[in-house]
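# Geometric and topological summary
Next come the chains, spelled out residue by residue.
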Amino acid sequence: MCSAQTQIVNEEKDAVRQEFNFEKARLEVHKFGITGYKKQDQRVWEQERAIMLGAKPPKKEHVNYRTYQEKMKEKKAAKDADKEKEHKGDSLKKKKQKEQKERKVKRKKSVPSIWPAGQVGKFRNGTLILQSRDIKKIKSSKVSK
């Protein structure tokens with residue numbers, strides 16, 4: 001019986017040894033792939049691998065403030081140039097939009113001077129403003145006594 005138990009234990013140990021660790025294999029493949037690069041590239045890839053495994057990334061290099069300012073001005077100039085290019089294309093769209101607004105304004109009927117509630121004219125800053133046509137309507141609607 002002892003030999004049967006030892007056989008089972010040996011088989012379990014072999015199964016554990018044969019278990020495939022995907023994480024280890026992935027790192028080995030990555031390490032092997034790095035060897036195909038030049039030394040300088042290998043260092044870069046090693047840094048990236050270390051970061052991937054949890055290392056802190058290296059600090060950014062110091063840039064002189066004046067060179068930084070120049071770089072930012074160039075970026076801003078490029079951005080403005082792009083906006084101008086877009087603006088030229090948008091001018092046709094804006095013209096079309098203006099025409100559509102003008103059409104809408106023309107289509108809209110003017111606000112009636114006599115409201116259904118019996119109000120005549122418009123109030124502006126607390127004063128009643130009557131147009132000449134409003135006055136004519138009032139005169140014509142009065143019953144002659």
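See above for the structure.
Chains are numbered independently. Their residues run from 1 in the order of the written sequence. Reporting of local features is limited, given that this is a predicted model, to residues whose pLDDT is at least 70; pairs of side-chain atoms are given and counted only at 80 or more, and all residues count toward the totals for whole chains, interfaces and linings. Only hydrogens and water are removed before side-chain values are computed, so all heavy atoms of the structure are retained for them.

Moving on to the side chain of R49. Take R49: it is sitting in helix 3 (residues 39-52). Not counting residues up to four positions away in its chain, the partners in contact with R49 are L27, H30 and K31. For helices the rule is a DSSP run of H or I covering at least 4 residues; for strands it is a run of E covering at least 2, with both sets numbered from the N terminus onward. Contact criterion: two residues are considered in contact whenever any of their non-hydrogen atoms come within 4.5 Å of each other.

Each aromatic ring pair is described using two quantities: the centre-to-centre distance and the angle formed by the ring planes. Pairing of aromatic side chains requires ring centres within 6.5 Å, counting the rings of Phe and Tyr and the six-membered ring of Trp. Pairs whose planes differ by under 30 degrees are stacked, by over 60 edge-to-face, and all others tilted. Summed over the entire model, instances satisfying the criterion amount to two aromatic pairs. Relative to W45, the ring of Y37 has its centre 5.7 Å away and its plane inclined at 20°; by these criteria the two rings are stacked.

Expected helix span is computed as 1.5 Å times (number of residues minus one). Taking 1.5 Å of rise per residue, the 13 residues of helix 2 (residues 22-34) would be expected to cover 18 Å, and the 18 Å separating its terminal C-alpha atoms lies within 8% of that figure. We define a polar contact as two N or O atoms separated by no more than 3.5 Å, with the added condition that, inside protein, one atom must be a possible hydrogen donor and the other a possible acceptor, whereas residues neighbouring each other in sequence contribute only through side-chain atom pairs. Its side-chain oxygen 3.3 Å from the backbone nitrogen of E23, N21 forms the N-cap of helix 2.

It is worth spelling out the side chain of Q42 at this point. The topology assignment puts Q42 in helix 3. For the exposure calls, accessible area comes from a 1.4 Å probe over protein chains only, and a residue counts as buried if that area is under 20% of its type's maximum, exposed if over 50%, partly exposed in between. What makes Q42 buried here is its relative accessible area of 17%. One polar contact links the side chain of Q42 to the main-chain carbonyl oxygen of Y37, over a distance of 3.0 Å. Setting aside anything within four residues of it in sequence, one finds Q42 in contact with I34, T35 and Y37.

A few words on the pattern of salt bridges. Any carboxyl oxygen of Asp or Glu within 4 Å of a side-chain nitrogen of Lys or Arg constitutes a salt bridge here. Under the counting rule described, the total for this entry stands at two salt bridges. In this structure, the salt-bridge partner of R26 is E23, at a minimum N-O distance of 2.7 Å. Placement of both R26 and E23 in helix 2 is noted, with a separation of three residues, approximately one turn of the helix. Overall, the relative accessible area of 41% leaves R26 in the partly exposed class. E23 gets classed as partly exposed once you look at its relative accessible area, which sits at 42%. Between E46 and R49 there is a salt bridge, with the nearest N and O atoms lying 2.9 Å from each other. Linking E46 with R49, this pair stays in helix 3, spanning three residues, or about one helical turn. Take E46: its relative accessible area is 31%, and that puts it in the partly exposed class.

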